[in-house]
Amino acid sequence: MRAVLVVNPRATATTPGGRDVLAHALASEVKLDVVETDHRGHARAVARAAVEDGLDLVVAHGGDGTVNEVVNGLLDPPEPPAPRPMLGVVPGGSANVFARALGLPRDPVEATGRLLRALEERSVRRVGLGRADGHWFTFNAGMGWDADVVAAVDRRRGKRTGPWLYLRTAVAGYLRPPHGRPTLTVRMPGAEPVEVRTAFVSNTDPWSYLGPRAVHLNAHSSFDSGLGLFALTGLGLPTVLRHVRQALRTRGEHRGRRLLRHDDVPVLRITAEEPVGLQVDGELLGPRTHVEFVGVPDALTVAL
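Let me begin by describing the structure that accompanies this report. Computed from a prediction, not measured in an experiment: that's the story for all the values here.

## Quick word on the packing of helix H2 (residues 42-52) against helix H3 (residues 64-75)
Turning to step 1, where the next piece is worked out: Across the interface, H2 lies against H3 with an axial gap of 7 Å and an inter-helix angle of 35 degrees. The way H2 lies across H3 gives a crossing that is right-handed. Note on element contacts: H3 touches H2 through Thr66, Glu69, Val70, Asn72, Gly73 and Leu74, opposite His42, Ala43, Arg44, Ala47, Arg48 and Val51.
Turning to step 2, where the next piece is worked out: Grouping the amino acids of the contact of H2 with H3 by side-chain chemistry returns five nonpolar, four polar and three charged.

## Some points on the environment of Asp38
Turning to step 1, where the next piece is worked out: With respect to the helices and strands, Asp38 occurs in the loop between strand E2 (31-36) and H2.
Turning to step 2, where the next piece is worked out: A residue is classified by how much of its surface remains accessible, and Asp38, at 53% relative accessible area, is exposed.
Turning to step 3, where the next piece is worked out: When the C-alpha atoms of Asp38 and Pro108 are compared, they prove to be 21 Å apart, with 70 residues separating the residues in sequence.
Turning to step 4, where the next piece is worked out: In this structure the side chain of Asp38 is engaged in a polar contact, spanning 2.5 Å, whose partner is the side chain of His39.

## Notes on the packing of helix H6 (residues 145-154) against helix H7 (residues 163-175)
Turning to step 1, where the next piece is worked out: The interhelical angle for the contact between H6 and H7, taken along N-to-C directions, is 125 degrees, at an axis separation of 9 Å. Comparing their axes, H7 and H6 come out oblique. Seen from above, H6 lies across H7 with right-handed handedness. Each of Trp145, Val149, Ala152 and Val153 in H6 lies in contact with H7, whose residues at this interface are Leu165, Tyr166, Thr169, Ala170, Gly173 and Tyr174.
Turning to step 2, where the next piece is worked out: Its residues assigned to classes, the contact of H6 with H7 shows eight nonpolar, two polar and no charged.

## Re helix H1 (residues 16-27)
Turning to step 1, where the next piece is worked out: Helix length check: H1, at 12 residues, gives a terminal C-alpha distance of 16 Å against a target of 16 Å (1.5 Å per residue), a fit within 8%.
Turning to step 2, where the next piece is worked out: In this structure, the buried residues of H1 make contact with strand E1 (2-7), E2, strand E3 (57-62), strand E4 (86-91) and helix H5 (108-121).

## Notes on a positive patch on the surface
Turning to step 1, where the next piece is worked out: On the surface, Arg242, Arg245, Arg249, Arg251, Arg255, Arg257 and Arg258 cluster together into a patch of positive charge.
Turning to step 2, where the next piece is worked out: Within the secondary structure layout, Arg249 lies in the loop between helix H8 (237-247) and strand E14 (259-265).
Turning to step 3, where the next piece is worked out: Since its relative accessible area comes to 49%, Arg249 is described here as partly exposed.

Basis of the calculations
- Residues numbered from 1 in each chain as written.
- Predicted model: local features only at pLDDT ≥ 70, side-chain atom pairs only at ≥ 80, totals over all residues.
- Heavy atoms only, no water.
- Axes fitted to C-alpha atoms, helices over the stretch in contact; angles between N-to-C directions.
- Helix = DSSP H or I, 4+ residues; strand = E, 2+ residues; numbered from the N terminus.
- Left-handed = near helix turned anticlockwise from the far one by under 90°.
- Contact = heavy atoms within 4.5 Å.
- Nonpolar A, V, L, I, M, F, W, Y, C, P; charged D, E, K, R; others polar.
- Buried < 20%, exposed > 50% of the residue type's maximum accessible area, 1.4 Å probe, protein only.
- Polar contact = N/O pair within 3.5 Å; in protein donor to acceptor, adjacent residues only side chain to side chain.
- Parallel < 35°, antiparallel > 145°, perpendicular 65-115°, else oblique.
- Expected span 1.5 Å × (residues − 1).
- Patch = residues over 30% accessible without salt bridge, like charges linked within 9 Å, V, L, I, M, F, W, Y side chains within 5 Å.
- Areas by Shrake-Rupley, 256 points an atom, 1.4 Å probe, with all protein chains shown as cover.
- Salt bridge = Lys/Arg side-chain N within 4 Å of Asp/Glu carboxyl O.
- Lys, Arg positive; Asp, Glu negative; His and termini not counted.
- Charge placed at Lys NZ, Arg CZ, Asp CG, Glu CD.

Right, here's the structure in full:
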């Protein structure tokens, strides 16, 4: 088996020692190349080259941004010359939402052991993914407030990035929205358009994590179903506080007059009269006035 290990050395929980242990363990089982990324888009390019070279496995060691880049590289070529490589994930970021949603250990050493067992036993899982404006996402995407938070955190990205930075930034963005609160229009097949103030799209549950605490928006979303939509038609303080409390509950069931929520949605479209920020998997894609979100079943093979 031929494989490439893609390491983001700037990810929150990656260390040179951990990288060396991971590389040594993998090299005992597969013919391995190791690439350390040094710019945004590097992991995507490495994964795309792995597809073109007919490799069997691409292992992403970093945070959700690294995983997202690798996934987009794996699925970029519309008609690859050979079967696409499997994805392996060894968490190395601060949140690791995709890995945790798959049930992988947060500890890189334990996750490496899990990956080696999966390779030995040829254990894989097919997972569904989402696409937003042609860009693949593994666990969530969002427009409006959500994307504004990602943009603000992105300007301060570094080793100190963590859940409390996101929380403080979300509060600041709510109190002083950088671009106001433009109206978004949600359109789904067979339904009337609905105007909302912010929209979150889930590919699985939890939507994210606040440290050890899971954040649930669409509790019935999974890698085996369509997309989940969670949108609010108003952002008054009572509405926001109500849904924050509900999101942090174990079951994460939401109720409220200002709530628009749907599960297992195959496709939906969100438009805005003015450009609104779009994020996928915590990575900012920039302003958009029209985005189509599509759920794609069985899009990716993960060694698990």
